[in-house]
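Next come the chains, spelled out residue by residue.
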Amino acid sequence: DLPARLTGADELWHLGDVCDPATLVEFELLRVPLTVVRGNNDWDPTWPLTRGLERRGRRFHLEHIAPRRAPAGAEFVLSGHTHVPEDAVDDAGVRWLNPGCITRPRAQVRSFAWRVITPDGGVNWQPVAL
């Protein structure tokens with residue numbers, strides 16, 4: 001049960017393709033902030049296409065389909081469209097992250113990821129296979 005595995009999270013970021021908004025109810029019951037960006041299979045216009053977030057001085061860009069280039073100032077670009085886990089750093093030093101997919105993975109494993117920001121601003125990214 002995925003929501004039970006997320007107990008202890010300070011917040012949740014969903015990178016799109018929610019498909020059925022009822023899916024989010026279990027996450028909302030965890031009573032932590034939930035940030036959602038709209039995927040190409042989502043139709044809720046209240047979900048933004050992109051979100052820029054700053055946590056402990058680190059700048060994150062969330063977008064379902066990864067942009068061709070990182071937006072100015074972004075240190076991390078998180079996307080979900082390919083449904084394949086990724087952790088790569090480009091020539092500019094921007095880290096590109098994809099947690100994979102829980103329901104329709106294109107990799108051989110269903111996955112999500114923990115993102116932990118340490119008090120000194122370090123970012124740890126840990127994919128979790130289901």
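Calculation rules
Each chain carries its own residue numbering, running from 1 in the direction its sequence is written. In keeping with the model being predicted, local features are shown solely for residues with a pLDDT of at least 70 and side-chain atom pairs are shown and tallied solely at 80 or more, while totals for entire chains, interfaces and linings include all residues. Hydrogens and water are ignored here; the side-chain numbers use all heavy atoms of the structure. The rule is simple: take the accessible area with a 1.4 Å probe, protein chains only, and divide by the maximum for that residue type; under 20% is buried, over 50% is exposed, in between is partly exposed. Strands here mean DSSP runs of E at least two residues long; helices mean DSSP runs of H or I at least four residues long; both are numbered from the N terminus. Two strands are said to pair when DSSP picks up at least two bridges between them.

A. Layout of the pairing of strand S7 (residues 95-98). Residues Arg95 and Leu97 point to one face of S7 and Trp96 and Asn98 to the other, with burial holding for every one of them. Relative to S7, strand S5 (residues 76-78) runs parallel, the two being bridged by three bridges. Its bridge partner being in S7, phenylalanine 76 is matched across the sheet by arginine 95. One ladder, built from four bridges, connects strand S6 (residues 86-89) with S7; its direction is antiparallel. Bridging across to S7, alanine 88 finds its partner in tryptophan 96. Linking S6 to S7, which pair antiparallel, is a turn of five residues; within it glycine 93 sits at a positive phi near 90°.

Remember, this is a structural readout, not a statement about activity or role.
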